[in-house]
Amino acid sequence: MNNTSFTLKVGQIWTGAPPRHEKRGIDEVNETHVSFHKQTSKRRFLTYQTTTIMGFRKWIQQSQAISNDGQDTASMHGFSPSREIGQRIQLLRKAAGLSQQQLADLLGVSRTAVGFWETGRPNKISKHVPRLAKIFGISEEVFLNGQSNERTEISITKDETHIINIYRSLSIDHRLQAIKRMEMLLKSQ
C-alpha cells in the first residue's frame, strides 16, 4: 500500500498517459471543486475549466495521470497488482516492437482485450499468461512477478548500477512512477 496521502493542490501539474498526454495544472481547489488549465498534444493553447473534485479524480484514473509531485491513481487507491501486470504487458509489448493489435493477433484475442489488460483491468488474462510469457521470451515467474530467482551474468555501467540501486530502494508504487516518467522522457526526445 502506498503511504503517500492523496491531495489535490494549487500548482500541481497532472500529465495523462499516452496517446493524449493531456496536462492539467491546478489553479484553485476548494471543498467541492477544482479550477484548472489544460493543454493537449493536439492543441497548443490553454483552456480553463472547473470541475468537481470527484470529476478531476475520475480524469486522473481514466488517463492514468501522474502529478509533478509523484502522485497517481495508486496514491488514491493503493497498489493494484493487475495494474502492475498491465504496465508490464505494455512495456514488454513495446520492447518487442508490437502494437496492441499485433499482440492480440498472436494471442487470438481482440485488441480491446489487450487494452483492458494494459490499463489494469484483468479481463480474463490468467489463461493467457503462459502464452504471453512465451511471446515475450520470459518465464511465467518473471511475467507475473517482474523478477526471477535465476542468476544471470550481465555487464552494466556505474550509472546503470546507481539507477538500479535507487530503483530497488523505492516502494512498488514509486517504481511504477519511475518507469512511467522514464517512458515519458523517452517519448519527448
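Just so it is clear, the structure is predicted and the values come from calculations on it, not from any experiment.

J.: Before we go on, may I ask you to explain the overall build of the protein chain in this structure?
T.: Each helix and strand counted, the protein chain has nine helices and five strands in total. For the protein chain, the sequential pattern of α-helices and β-strands runs β-β-β-β-α-β-α-α-α-α-α-α-α-α. Counting over 189 residues, the protein chain shows a buried share of 34%. For the protein chain, the share of sequence-separated contacts (at least 6 apart) that also reach a separation of at least 24 residues comes to 47%. For the protein chain, the exposed area adds up to about 12000 Å²; of that, 53% sits on carbon and sulfur atoms.

J.: I'm lost on helix 5 (residues 111–118) in this one. Help?
T.: Structurally, the α-helix is built with 3.6 residues per turn, so residues lying three or four positions apart point the same way. Listing the buried residues of helix 5 in full gives Ala 113, Val 114, Gly 115, Trp 117 and Glu 118. Looking at the residues trailing helix 5, positive phi occurs at Gly 120, about 85 degrees.

J.: Would you mind showing me how to read unusual backbone geometry here?
T.: Excluding glycine, most residues fall at negative phi; most peptide bonds, likewise, are trans. Even without a glycine there, the phi angle at Gln 64 is positive, about 50 degrees. For Gln 64, a relative accessible area of 14% gives the class buried.

J.: Could you clarify how one ought to interpret the packing of helix 4 (residues 100–107) against helix 6 (residues 129–136) in this entry?
T.: The description of two helices packed together rests on the angle between their axes and the distance between the axes. At a closest axis distance of 10 Å, the pairing of helix 4 and helix 6 adopts a crossing angle of 120 degrees. One element, helix 4, and the other, helix 6, form an angle in the oblique class. Remark: the crossing between helix 4 and helix 6 carries right-handed chirality. Between helix 4 and helix 6, the residues in contact are Leu 103, Leu 106 and Leu 107 and Arg 131, Leu 132, Ile 135 and Phe 136, respectively. Looking at side-chain class alone, the contact of helix 4 with helix 6 contains six nonpolar, no polar and one charged residues.

J.: I'm lost on helix 1 (residues 53–63) in this one. Help?
T.: Of the residues making up helix 1, those classed as buried are Phe 56, Trp 59, Ile 60 and Ser 63. Looking straight down helix 1, one finds that the buried residues subtend no more than 100 degrees of arc, so they occupy a single side. In helix 1, the exposed positions that point more than 90 degrees away from the buried face belong to Met 54 and Gln 62. A positive backbone phi angle near 50 degrees is found at Gln 64, which sits one or two residues after helix 1.

J.: Mind showing me how you'd approach the nonpolar core here?
T.: Generally speaking, a soluble globular protein has its nonpolar side chains buried in company with each other. By size, the foremost hydrophobic cluster in this structure holds 16 residues, and its most contacted members are Ile 89, Leu 103, Val 109, Trp 117, Leu 132 and Phe 143. By residue number, the principal contributor to this core is helix 6, which donates four residues. Among all residues touching Leu 132, those that are not within four sequence positions of it are Ile 89, Leu 103, Leu 107, Trp 117, Ile 125 and Phe 143. Counting residues in hydrophobic clusters, the runner-up holds ten residues, among them Leu 8, Phe 56, Trp 59 and Ile 60.

J.: What is the right way to look at the environment of Gln 39 in this model?
T.: Of note, Gln 39 is situated in strand 3 (residues 33–39). The class for Gln 39 is partly exposed, based on a relative accessible area of 26%. A sequence separation of 17 residues divides Gln 39 from Glu 22, and the C-alpha atoms of the two residues are 5.7 Å apart.

J.: Is there a simple way to think about the side chain of Glu 22 in this case?
T.: Relative to the elements of secondary structure, Glu 22 occurs in the loop between strand 1 (13–15) and strand 2 (23–29). Of the polar contacts made by the side chain of Glu 22, one reaches the side chain of Arg 24; its length is 2.5 Å. Within polar-contact distance, the side chain of Glu 22 engages the side chain of Trp 59 at 3.5 Å.

Procedures and definitions
The residue count restarts for each chain, going from 1 along the sequence in the order it is written. With the structure being a predicted model, the display of local features is reserved for residues of pLDDT at least 70 and the display and counting of side-chain atom pairs for 80 or more, all residues being used for whole-chain, interface and lining totals. By convention in this description, side-chain values take in all heavy atoms of the structure and omit both hydrogens and water. Comment: elements are numbered from the N terminus, with helices defined as DSSP H or I runs of at least four residues and strands as E runs of at least two. Under the scheme applied here, a residue whose accessible area is under 20% of the maximum for its type counts as buried, over 50% as exposed, and between as partly exposed, the area being computed with a 1.4 Å probe on protein chains only. Any two residues whose heavy atoms approach within 4.5 Å are treated as being in contact. Residue burial considers only the protein chains on display, and all accessible areas are found by Shrake-Rupley using a 1.4 Å probe. Axes, fitted as lines to C-alpha atoms, cover a helix only where it is in contact. Angles between the N-to-C directions of the axes lie from 0 to 180 degrees. Angular relationships are summarised with four words: roughly parallel below 35 degrees, roughly antiparallel beyond 145, roughly perpendicular across 65 to 115, and oblique for the angles in between. In this scheme the crossing of two helices becomes right-handed for a clockwise turn of the near helix relative to the far one and left-handed for an anticlockwise turn of less than a right angle. Classification convention: Asp, Glu, Lys, Arg as charged; Ala, Val, Leu, Ile, Met, Phe, Trp, Tyr, Cys, Pro as nonpolar; all other residues, Gly among them, as polar. By definition, the arc is the one covered by directions from the helix axis to the C-beta atoms. Nonpolar core, defined: a set of buried Ala, Val, Leu, Ile, Met, Phe, Trp, Tyr and Cys residues in which side-chain atoms within 4.5 Å join the residues together. Pairing of N or O atoms within 3.5 Å defines a polar contact, subject to two protein rules: one partner must be a possible hydrogen donor and the other a possible acceptor, and residues neighboring in sequence count only if both atoms are side-chain atoms.

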